[in-house]
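These are the residues of each chain, in order.
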Amino acid sequence: MVTVADQPLDKKSYKKLGARHKARRRAVDLLFEAEARDIDPAELIAERVTLALRDDAVAPVNPYTRVLVEGVADDLDRVDGTIESYLQDWALSRLPAVDRAILRVAVWELFHANDVPPVVAVDEAVELAKELSTDDSPSFINGVLGRVVEVAPQVRAAAAATRSTAAPTVSDDEA
């Protein structure tokens, strides 16, 4: 799987942040749909990619949408556990499904998208909540993510350390 960390943004890419917003929105839509249909989000995104390749009338899946959906699917237990730990007197299952999807995308980005500043991940989540959810959702999501932002650097550092220790090394004999 390609990760966001493998795709650094250059100046031209920063001008296309509107495309990233659309990619996030589609990721939220797909995560919402996967939950409603009770299917694996990774299976749903693969289905949509295949459908877009076969049918010109179907919009192609933005690569960042795919990164987000597959990333959330791969790390769903930790993402949900993190969200749940920052809900005060609430259970994740009691939140509107669209809010769960928005929070999942944002938390995944906070933990794994090294090229996305935390303030951007939070702002995008709040904007998506304004577009897609209830009047109370933007402030609720902002509050939850405001607490997650505090631990995100440690999670990113731990993930980077895990990747570097898990990377295979080549001995002098193999080189």
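See above for the structure.
Because the structure is predicted, anything quoted here is derived from the model rather than measured.

Enquirer: Honestly, the packing of helix H4 (residues 63-74) against helix H6 (residues 97-112) in this entry has me stumped. Any pointers?
Expert: Packed helices, taken two at a time, are described by their axes: the angle between them and the distance between them. Remark: H4 packs on H6, axes separated minimally by 9 Å, with the N-to-C direction vectors making an angle of 95°. When the interaxial angle is binned, H4 and H6 end up roughly perpendicular. Of the residues in H6, those in contact with Tyr64, Val67, Leu68, Gly71 and Val72 of H4 are Arg104, Val105, Trp108 and Glu109. Looking at the contact of H4 with H6 residue by residue, the classes come out as six nonpolar, one polar and two charged.

Enquirer: Which parts of the structure should I look at to understand the nonpolar core?
Expert: In terms of nonpolar packing, the biggest core is built from 44 residues, with Ile102 and Leu145 touching the most fellow members. Take this core: its biggest share by element is 10 residues, from H6. In this structure, leucine 145 is in contact with Leu103, Ala106, Val107, Leu110, Val122 and Ala125, ignoring residues within four places of it in sequence.

What counts and how
- All residue numbers here refer to positions counted from 1 along the written sequence of the relevant chain.
- The predicted origin of the model limits local features to residues at a pLDDT of at least 70 and limits the giving and counting of side-chain atom pairs to 80 or more, whereas totals for whole chains, interfaces and linings rest on all residues.
- Water and hydrogen atoms play no part in the side-chain values, which are based on all heavy atoms of the structure.
- What counts as an axis is a line fitted to C-alpha atoms, over the stretch in contact for a helix, and the angles between N-to-C directions run from 0 to 180 degrees.
- Helix numbering and strand numbering both begin at the N terminus, where a helix is a DSSP run of H or I of at least 4 residues and a strand a DSSP run of E of at least 2.
- Roughly parallel here means an angle under 35 degrees, roughly antiparallel means over 145, roughly perpendicular means 65 to 115, and every remaining angle is called oblique.
- For this analysis, residues touch if any pair of their heavy atoms sits within 4.5 Å.
- Three classes are used: nonpolar for Ala, Val, Leu, Ile, Met, Phe, Trp, Tyr, Cys and Pro, charged for Asp, Glu, Lys and Arg, and polar for all others, with Gly counted as polar.
- Think of a nonpolar core as a cluster: buried Ala, Val, Leu, Ile, Met, Phe, Trp, Tyr and Cys residues, connected wherever their side-chain atoms sit within 4.5 Å.
- Per-residue accessibility, obtained with a 1.4 Å probe over protein chains only, is compared with the maximum for each type, and a residue is labelled buried under 20%, exposed over 50%, and partly exposed between these values.

Just geometry here; none of it tells us what the structure is for.
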